[in-house]
Amino acid sequence: MLYVYIIALPYLAIVYPNIADAIFIGFILITTIIVIRGGIDRRVLYRTGIFIIVLLAITIITSMMAENKETAYSGSWTLIQLLIFDFFLMITIDSDKVIIGCLKSFVIGTYTMMLFVFTQTGVQLLSVLPTWRFGGGDGSINVNSIGAAAGWSVLILFLFYKQERKKFFLYLMLPPMLFVFGSASRASLLIVLFGICIYYLTSKQKASYVKLALAIFLLVLGYNIVESLNLFPDFISRFNQLLAIKNGIDSTDGSTRVRYQIVLYGIEKIKERPWLGYGLGQFHYIFQDEALAPHNTFIQIAYAFGLVGAVWWYGNIAVSAFRIFSYSNSHVFRWIAVINTVLVCMGISAQSLTDKTAHLFLILLFNSDVLLRRQSDSEANNIDELKS
């Protein structure tokens with residue numbers, strides 16, 4: 001199963017963009033060799049493959065209908081590359097062991113990026129640890145991307161710990177948690193908070209709600225301690241500004257207000273072309289602002305692909321997650337459903353349609369759904385054989 005760890009390599013592209021194409025081609029070649037030797041499960045093609053094909057068709061149709069063909073084709077090509085990656089990833093995931101390998105490889109990729117950042121700012125990190133915030137003014141370090149990867153890694157390691165009860169996973173959570181605070185990325189911490197809450201809310205364990213209440217209490221207590229000790233002041237300041245939204249949108253920071261206005265403008269534009277949208281790459285063109293981005297998955301999809309694309313995207317996620325939560329006792333499959341539920345929640349501030357991490361988790365979800373049905377059919381056949 002060592003080939004699965006090749007999935008960690010694309011995340012190097014975040015800090016080493018010059019080798020991204022080589023990594024992508026290498027992944028496809030290795031996957032192709034594996035599939036030729038092992039074959040492809042038809043159920044995977046019918047479930048995950050149809051999702052990819054329909055999304056590809058919507059991408060092509062909307063790009064052909066776009067006002068600015070150049071930006072539409074450029075934006076569409078970005079998504080098409082991800083869909084190609086999705087296809088080759090899809091045909092490699094054939095068991096829960098492979099899914100576990102994918103999750104571990106994600107953590108490995110995150111640790112690789114964190115090591116890169118440490119080598120760039122290690123001296124600074126060691127000298128000003130309590131107030132440290134990493135970043136690269138020259139653009140060499142993508143702060144938000146690494147912060148988000150660190151947040152997902154903390155959640156993944158938490159899930160491993162809850163299943164295996166090994167303190168090793170708790171220790172592994174500490175470095176990425178440091179990067180969550182160091183990035184001053186509010187979304188990164190929300191990934192962890194949403195993930196823990198959703199895990200307990202969907203858990204079949206006894207007293208799960210009591211454990212959820214205890215977890216929330218400890219998180220609030222920990223936050224207050226960090227704030228009172230003036231640790232990570234940049235992060236605390238930005239997170240407090242987000243919490244100020246309870247007093248109205250005008251009470252928050254400029255970034256939150258701008259994103260709120262973008263959502264309002266986006267909804268108005270979506271109403272003008274509700275069914276198939278404007279096509280990818282048109283958000284900057286319509287608003288005449290190259291720096292403007294949706295910062296919201298629903299707005300990104302509904303604006304580009306209309307309600308047809310949004311229903312296809314969210315509908316597939318909802319069906320697979322609901323089926324897993326309802327019928328699966330496999331902790332691995334339920335992990336993937338939890339992660340994708342968090343992914344949907346984080347759509348309030350992320351653009352999942354063109355995000356590598358989001359596509360990785362989506363393919364894991366759809367293939368988990370296929371594997372669940374395969375296991376159910378196998379158990380039903382065994383019961384029939386025993387009866388006969």
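Going by the structure above, here's the rest.
Because the structure is predicted, anything quoted here is derived from the model rather than measured.

Peer 1: Would you take a moment to explain the overall build of the protein for this structure?
Peer 2: A tally of helices and strands in the protein yields 14 helices and zero strands. For the protein, the sequential pattern of α-helices and β-strands runs α-α-α-α-α-α-α-α-α-α-α-α-α-α. Within the span of the protein, comprising 388 residues, buried residues form 46% of the whole. Considering only contacts in the protein between residues 6 or more positions apart, those separated by 24 or more positions represent 75%. Surface summary for the protein: the accessible area is close to 19,000 Å², and the carbon and sulfur share equals 64%.

Peer 1: Looking at this structure, I do not really get the nonpolar core. What am I missing?
Peer 2: Generally speaking, nonpolar side chains in soluble globular proteins are found buried as a group. If you look at the biggest cluster of nonpolar residues, it comprises 96 residues, and the most contacted ones within it are Trp152, Phe305 and Leu364. Setting aside anything within four residues of it in sequence, one finds tryptophan 152 in contact with Phe106, Ile191, Ile339, Val342, Leu343, Thr357 and Phe361.

Peer 1: Would you mind going over the packing of aromatic side chains with me for this structure?
Peer 2: To describe a pair of aromatic rings, one takes the distance between the centres and the angle between the planes. Counted under the stated rule, the structure contains 13 aromatic pairs. Centre to centre, the rings of tryptophan 152 and phenylalanine 361 are 5.0 Å apart; their planes meet at 65 degrees, and the pair counts as edge-to-face. Of this pair, tryptophan 152 sits in helix α5 (residues 143-164) while phenylalanine 361 is found in helix α14 (residues 356-387), placing the two residues 209 residues apart along the sequence. Among the residues examined, tryptophan 152 registers a relative accessible area of 6% and is labelled buried. Relative to phenylalanine 169, the ring of phenylalanine 160 lies with its centre 5.4 Å away and its plane at 15 degrees, an arrangement referred to as stacked. Residue phenylalanine 160 shares its accessibility class with phenylalanine 169, and that shared class is buried. Counting every residue linked through ring pairs, the aromatic cluster contains Phe51, Trp312, Trp313 and Phe366.

Peer 1: Just checking my understanding: could you explain helix α13 (residues 331-345) for this structure?
Peer 2: Turn by turn, an α-helix covers 3.6 residues, leaving residues three or four places apart pointing in a common direction. Its 15 residues give α13 an end-to-end C-alpha distance of 21 Å, which sits within 8% of 21 Å, the value for a rise of 1.5 Å per residue. Most of α13 is tucked away: eleven of the 15 residues are buried. Every buried residue of α13 is listed here: Val332, Phe333, Arg334, Trp335, Ile336, Ala337, Val338, Ile339, Asn340, Val342 and Leu343.

Peer 1: How do you make sense of the environment of alanine 337 when you look at a structure like this?
Peer 2: Tracing the sequence through the fold places alanine 337 in helix α13. For alanine 337, a relative accessible area of 0% puts it in the buried group.

Peer 1: Just to check I follow, could you spell out a nonpolar patch on the surface for this structure?
Peer 2: A contiguous nonpolar surface patch, about 590 Å² in accessible area, is contributed by Leu214, Phe217, Leu218, Leu221, Ile225 and Leu229. Relative to the helices and strands, isoleucine 225 is located in helix α8 (residues 208-228).

Peer 1: Could you clarify how one ought to interpret helix α12 (residues 297-327) in this entry?
Peer 2: With 31 residues, α12 extends only 28 Å from end C-alpha to end C-alpha; this falls clearly short of the ideal 45 Å at 1.5 Å per step. Approximately 130 degrees is the largest bend angle found in α12, and it occurs at phenylalanine 305.

Peer 1: Which parts of the structure should I look at to understand the packing of helix α7 (residues 186-201) against helix α9 (residues 233-243)?
Peer 2: For any two helices packed against each other, the geometry comes down to the angle between their axes and how far apart the axes lie. One way to put it is that α7 packs onto α9 with a least axis distance of 10 Å and a crossing angle of 70 degrees. Overall, the two elements α7 and α9 adopt an arrangement that is roughly perpendicular. Of the residues in α9, those in contact with Arg186, Leu189, Leu190 and Leu193 of α7 are Phe235, Arg238, Phe239, Gln241 and Leu242. A breakdown of the residues in the contact of α7 with α9 according to their chemical character gives six nonpolar, one polar and two charged.

Criteria and cut-off values
- Numbers given for residues are sequential positions, taken from 1 along each chain in its written order.
- Restriction of local features to residues with pLDDT of at least 70 applies here, the model being predicted, together with a cutoff of 80 or more for giving and counting side-chain atom pairs; totals for whole chains, interfaces and linings are based on all residues.
- Working from all heavy atoms in the structure, the side-chain values ignore hydrogens and water.
- Working definition: helices are DSSP H or I runs of at least four residues, strands are E runs of at least two. Numbering for both runs from the N terminus.
- Whether a residue is buried, partly exposed or exposed follows from its accessible area with a 1.4 Å probe, protein chains only, as a fraction of its type maximum: under 20%, in between, or over 50%, in that order.
- What makes two residues a contact is simply this: any of their non-hydrogen atoms within 4.5 Å.
- What sets the accessible areas is the Shrake-Rupley method with a 1.4 Å probe; for residues, cover comes only from the shown protein chains.
- To form a nonpolar core, buried Ala, Val, Leu, Ile, Met, Phe, Trp, Tyr and Cys residues must be joined to one another through side-chain atoms within 4.5 Å.
- Think of it this way: a Phe, Tyr or Trp ring, Trp meaning its six-membered ring, pairs with another when their centres are within 6.5 Å, and the plane angle makes it stacked under 30 degrees, edge-to-face over 60, tilted otherwise.
- Expected helix span is computed as 1.5 Å times (number of residues minus one).
- Any residue with relative accessible area above 30% and no salt bridge may belong to a patch, with like charges joined within 9 Å and the nonpolar Val, Leu, Ile, Met, Phe, Trp and Tyr side chains within 5 Å.
- Salt bridges are defined as contacts in which a side-chain nitrogen from Lys or Arg sits within 4 Å of a carboxyl oxygen from Asp or Glu.
- A residue's bend is simply the angle between two axes: one fitted to the seven residues ending at it, one to the seven starting at it.
- Orientation is described by lines fitted to C-alpha atoms, with helices fitted over the stretch in contact, and by angles between N-to-C directions that extend from 0 to 180 degrees.
- Roughly parallel here means an angle under 35 degrees, roughly antiparallel means over 145, roughly perpendicular means 65 to 115, and every remaining angle is called oblique.
- Ten residue types, Ala, Val, Leu, Ile, Met, Phe, Trp, Tyr, Cys and Pro, are classed as nonpolar, four, Asp, Glu, Lys and Arg, as charged, and the remainder, Gly among them, as polar.

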